[in-house]
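# Structural overview for review
Here are the chains, one letter per residue:
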Amino acid sequence: MVCLIRLNRLSVQLSVPSECLFPAQSESQQPKIQLRLAGDKHKHYEGRLEVSYNNEWGTICDDDFSIEAAHVACRELGFLGAVAWSPSAKFGQGEGRIWLDNVHCTGREKSLAECPSNGFGVSDCRHSEDVGVICNQKRIPGHRFINTMNNNVETLEERVEEIRIRPISSHLKRIPVTEGYVEIKERGKWRQICDEEWTPLNNRVVCGMYGFPGDKNYNNKVYKSLSMRKKKNYWGFSVNCTGNEAHLSSCRLGKPLEPKRNSTCGRGLPVVVSCVPGRAFAPSSSTGFRKAYRPEQPLVRLRGGSNIGEGRVEVLKNGVWGTVCDDNWNLRAATVVCRELGFGSAKEALTGAKLGQGMGPVHMNEVECSGFEKSLTDCYFNNDALGCSHEEDAAVRCNIPAMGFQKRIRLSGGRNPYEGRVEVLTEKNGSLVWGTVCSENWGIVEAMVVCRQLGLGFASHAFQETWYWAGDASADNVVMSGVRCSGTEMSLPQCLHHGKHISCPKGGGRFAAGVSCSDTAPDLVLNAQLVEQTTYLEDRPMYALQCALEENCLSSTAKKNDHSSYRRLLRFSSQIHNVGQSDFRPKLGYHAWTWHECHRHYHSIEVFTHYDLLSLNGTKVAEGHKASFCLEDTQCDEGIQKRYVCANFGEQGITVGCWDTYRHDIDCQWIDITNIKPGDYIFQVVINPYYDVAESDYTNNVMKCKCRYDGYRIWMYHCHTGELQKKKLY
């Protein structure tokens, strides 16, 4: 076989048979690549298609590119597919290598690396032919966004690889390290920086990359005295930062410093920085001050993140929390958010709801920040958020201080690093020892804190028995008991616990606390509008309510009624959406489900929701509960397949991007208001009330409506998803 190739780009266009292209490789042989969208883009789902190969970013030529290839690329980026593709550098010309040319995809490949092409780096194209894609706005539910390479197109080439703040002896025991010499590693040796051309903007960058929002003055006399006594070893350059860089390596290098005798700094001294930690990270010596500190009502918050200092950005406007559209979202705006919340500069500015979709209004669009604003709300933004959906919610990952939390806790005996018996390091008789945590009242909220402390994301399960995980035998003794967490703590010792007076009747060993962690979690949200639209009253005879009576779905007074009496029921439909990043599954396995003879089905969760009618002052006047007789995918968003179907022995759950609808006409989908007097009330629904299943955000699990009852009719209005104060229930 003879393969013809294109000889002259301008005059001869010869087709290349598929046999002449590099064939698709097996999965084990495939080169590792990463894709990103860059260039003159306006939305997060469109842009110039760039590929990283051998840790070098490059572009893709538009020759032979097709909508099938665009589908493969968009799915690899986490979208449902492609809408279109564009040739001739529509999104601007890229830089570097043109990695791929003559790409032929069928559309069924999992990665562009599987598609036949000329081979990596084999191309006769110019950047005027860089291909672009426009992806479907909807993301693949639960798509795991992994940033194994630097995916931020704003980051410049690194000139400085490793930097540290080295404290002096008097600060060695302080955590976190907030003050010391700034040193750079060069050819295996740590060198100091001359302060002759050092500016406060440089301080800002160094503190930001170490997780601190700002810097302050320090006692220069101490450092001057120390430097006079020690031999200096300076790095040969000055640094010039604007103050907005995410890392010192992104700052411009100044002129080389001329050697003068044994020093390159003339009359200067080594650079020293003193950083101000956020309130949550203040050194232990200021604990008393931190307890007395009363924070103001925040205007910005993070939600849905698995680790400290990350999450979806939400802002408060007119008393309502809303999200930020990702149009023009960049590191500068993300850093304003991070510093405002007491963290350092931003590591990543995430788009496309990568850390989950929010709810309510989109308050800000096309945000533009100088980088020095005190709050995101001080930045310029477009009030008109038309066209922005929650699929475009902006998020951040911030630099946080090294607190050493991970060194004082470990998981032991698990099948993988994400699970095991919880063992903590504590001081006993003057020495540090490892021990277990008492599992009494141990639940998913406490497990969440453990996983966060370890940097392992969310908790998927909390275990009160760990006999199947043989931990370190020397760590069997219980060293922490009575643990109760609110869920916001950064480490387990910050939760309420018994302290040195251990009380654990069951003991440790096989009854020690355990966890299983996951980097994703589900997130349930109730459709408030549907509740408002489907509410009505029904008078139902007792003879038709016997099953409901057995399942405690009626008021306690119903037990005294005869079969001919009636109960007045406030009925409504509820539609529970999973907007998280993993499926919602029952806590218990098949073996622990309860069979209910009346309705001929299994209950996989004892109480799935609370339905309450409250007086205007918050007192409960009537209640109902909904047993999870069947968790299933009633309907799903476009392009998402149902995975869970209602069946007695089938899988139960709610897939990401799907919802489970409980119609108004099924048993227990009500509140019994037979004995309620006419008046104004608050109707409240709480999903997953006992935190039986882990979620990325519990604050959106409650829905409230204003309610008026005149004795004959009922009106439900102003239904909204509100705030749920995380309160541990025992």
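Residues numbered from 1 in each chain as written. Predicted model: local features only at pLDDT ≥ 70, side-chain atom pairs only at ≥ 80, totals over all residues. Heavy atoms only, no water.

## A short note on the sheet that holds strand β27 (residues 524-526)
Applied cut-off: Strands qualify as paired when DSSP identifies two bridges or more between them. Here a strand is any run of E in DSSP of at least two residues, a helix any run of H or I of at least four, and the numbering for each starts at the N terminus.
The antiparallel open sheet is built from four strands, whose spatial order is β27-β30-β36-β35. The open sheet terminates on both sides in strands that have one partner only, identified here as β27 and β35 (635-636).

## Topic: the sheet that holds strand β28 (residues 536-541)
Cut-off, in case you're wondering: Working convention: axes come from line fits to C-alpha atoms, limited for helices to the stretch in contact. Angles between N-to-C directions cover 0 to 180 degrees.
Strand order in this open sheet of three strands is β28-β29-β37, and the pairing throughout is antiparallel. Only two strands of the sheet have a single partner each, and these edge strands are β28 and β37 (670-672). Across the sheet, the axes of successive neighbouring strands diverge by a mean angle of 35 degrees, strand direction being ignored.

## With respect to helix α6 (residues 444-454)
The test is simple: Exposure classes here rest on a 1.4 Å probe applied to the protein chains alone. A residue is buried below 20% of its type maximum, exposed above 50%, and partly exposed in between. In this description, contact between two residues means that some pair of their heavy atoms is separated by no more than 4.5 Å.
For α6, the buried fraction is high: eleven of the eleven residues fall into the buried class. Where α6 is concerned, the buried positions are Ile444, Val445, Glu446, Ala447, Met448, Val449, Val450, Cys451, Arg452, Gln453 and Leu454. Buried-residue contacts for α6 involve β21 (409-413), β22 (419-428), β24 (458-463) and β26 (514-518).

## Focus: the pattern of salt bridges
Heads up, the rule is: Any Lys or Arg side-chain nitrogen found within 4 Å of a carboxyl oxygen on Asp or Glu counts as a salt bridge.
The tally for this structure, following the rule as stated, stands at 24 salt bridges. Between aspartate 697 and arginine 312 there is a salt bridge whose closest N-O contact spans 3.6 Å. Of this pair, aspartate 697 sits in the loop between β38 (679-687) and β39 (702-709) while arginine 312 sits in strand β15 (residues 310-317), and the two are 385 residues apart along the sequence. Neither aspartate 697 nor arginine 312 differs from the other in exposure class; each is buried. A single network of salt bridges, built from pairs that share partners, joins Arg301, Arg312, Glu314 and Asp697.

## Observations concerning the state of the cysteines
Our working definition: The disulfide definition used here is simple: a pair of cysteine sulfur atoms within 2.5 Å.
Scanning all chains against the criterion turns up 14 disulfides. For cysteine 707, which is in no disulfide, the shortest distance to another cysteine sulfur is to cysteine 705 and amounts to 8.0 Å.

## Focus on the side chain of glutamate 695
Inclusion rule: Any pair of N or O atoms that falls within 3.5 Å is considered a polar contact. Within protein, one atom must be able to donate a hydrogen and the other to accept it, and sequence-neighbouring residues count only if both atoms are side-chain atoms.
Note that glutamate 695 resides in the loop between β38 and β39. For glutamate 695, a relative accessible area of 1% corresponds to the buried category. From its side chain, glutamate 695 meets the backbone nitrogen of leucine 524 in a polar contact 2.8 Å long. Engagement of the side chain of glutamate 695 in a polar contact is seen with the side chain of asparagine 688, the distance being 3.0 Å. Contacts of glutamate 695, omitting those with residues within four sequence positions, involve Met448, Ala521, Pro522, Asp523, Leu524, Phe584, Asn688 and Asn701.

## A word on the nonpolar core
Defined as follows: We define a nonpolar core as any set of buried Ala, Val, Leu, Ile, Met, Phe, Trp, Tyr and Cys residues linked to one another through side-chain atoms lying within 4.5 Å.
Of all hydrophobic cores here, the largest spans 31 residues; its most connected members are Phe608, Leu613 and Phe683. Contributions of two or more residues to this core are made by β27, α7 (528-534), β33 (609-614), β38, β39 and β40 (714-722). If near-sequence neighbours (up to four positions away) are discounted, phenylalanine 683 is found in contact with Val531, Leu570, Phe572, Asp612, Leu613, Ile671, Met703, Lys704, Cys705, Cys707 and Met716. Ranked by size, the runner-up nonpolar core spans 30 residues in total, among them Val422, Val424, Val450 and Ala521.

## Some details on helix α5 (residues 331-340)
For α5, a buried count of eight out of ten residues is recorded, marking the element as mostly surrounded by other parts of the structure. Turning to α5, its buried residues number three or more, namely Leu331, Ala333, Ala334, Thr335, Val336, Val337, Cys338 and Arg339. Looking one or two residues past α5, glycine 342 carries a phi angle of roughly 90 degrees, positive in sign.

## Re the packing of aromatic side chains
We describe a pair of aromatic rings using the distance from one ring centre to the other and the angle between the two ring planes. Threshold: For this analysis, a ring pair means two rings from Phe, Tyr or Trp (six-membered ring only for Trp) whose centres lie within 6.5 Å, classed as stacked if their planes differ by under 30 degrees, edge-to-face if by over 60, and tilted for the remaining angles. Either the NZ atom of lysine or the CZ atom of arginine qualifies as a charge over a ring when it sits within 6 Å of the ring centre and within 35 degrees of the ring normal.
Summed over all chains, the structure comprises 15 aromatic pairs. A centroid spacing of 5.0 Å and a plane angle of 70 degrees characterise the contact between phenylalanine 572 and phenylalanine 683, whose relative ring orientation is edge-to-face. One end of the pair, phenylalanine 572, is in the loop between β29 (566-571) and β30 (574-578); the other, phenylalanine 683, is in strand β38, with 111 residues separating them in the sequence. The same class applies to phenylalanine 572 as to phenylalanine 683, namely buried. For the cation-ring pair, arginine 36 lies above tryptophan 57, with the distance from its terminal atom to the ring centre recorded as 4.0 Å.

## Focus: the side chain of histidine 610
For histidine 610, the position within the fold is in strand β33. Histidine 610 gets classed as buried once you look at its relative accessible area, which sits at 18%. Among the polar contacts listed, one links the side chain of histidine 610 to the side chain of tyrosine 690, at a separation of 3.4 Å. With residues near it in sequence (within four places) discarded, histidine 610 still touches Gly624, Gln684, Val685, Val686, Pro689 and Tyr690.

## Some points on unusual backbone geometry
In this structure, asparagine 102 is a non-glycine residue whose phi angle is positive, near 50 degrees. Considering the arrangement of structural elements, one finds asparagine 102 in the loop between β5 (98-100) and β6 (132-135). Relative accessible area serves as the criterion here: at 5%, asparagine 102 is assigned to the buried category. Its identity as a non-glycine residue notwithstanding, asparagine 688 has a phi of 50 degrees, on the positive side. Tracing the sequence through the fold places asparagine 688 in the loop between β38 and β39.

## Quick look at the environment of arginine 204
By the element assignment, arginine 204 lies in helix α2 (residues 200-209). By relative accessible area, arginine 204 is classed as buried at 14%. Separated by ten residues in the primary sequence, arginine 204 and glycine 214 have C-alpha atoms spaced 5.9 Å apart. Ignoring anything within four residues of it in the chain, the contact list for arginine 204 reads Asp215, Gly243, Asn244, Arg339, Gly371 and Phe372.

## Some points on the pairing of strand β16 (residues 320-324)
By the criterion of burial, β16 is predominantly enclosed, with four of the five residues buried. Where β15 and β16 come together, four bridges link them in antiparallel fashion. Opposite glutamate 314, over in β16, you have threonine 323 as the bridge partner. Hairpin connection from β15 to β16: two residues lie between these consecutive antiparallel strands, with asparagine 318 at a positive phi of about 55 degrees. Pairing of β16 with strand β18 (residues 362-368), which is carried by two bridges, proceeds in the parallel orientation. Opposite threonine 323, over in β18, you have valine 362 as the bridge partner.

## Regarding the confidence of the model for the protein chain
For clarity, the cut-off: pLDDT runs from 0 to 100 and stands for how confident the predictor is about each residue.
Confidence in the prediction of the protein chain, expressed as mean pLDDT, is 82, and 85% of residues score 70 or more. Ranking the elements of the protein chain by mean pLDDT puts helix α4 (residues 287-292) last with 41 and α5 first with 95. In this model residues 1-22 is a low-confidence stretch, pLDDT under 50, and it forms 27 contacts with partners more than four residues away in sequence or in other chains. Confidence over residues 147-159 falls short of pLDDT 50; this stretch has 31 contacts with residues more than four positions distant or in other chains.

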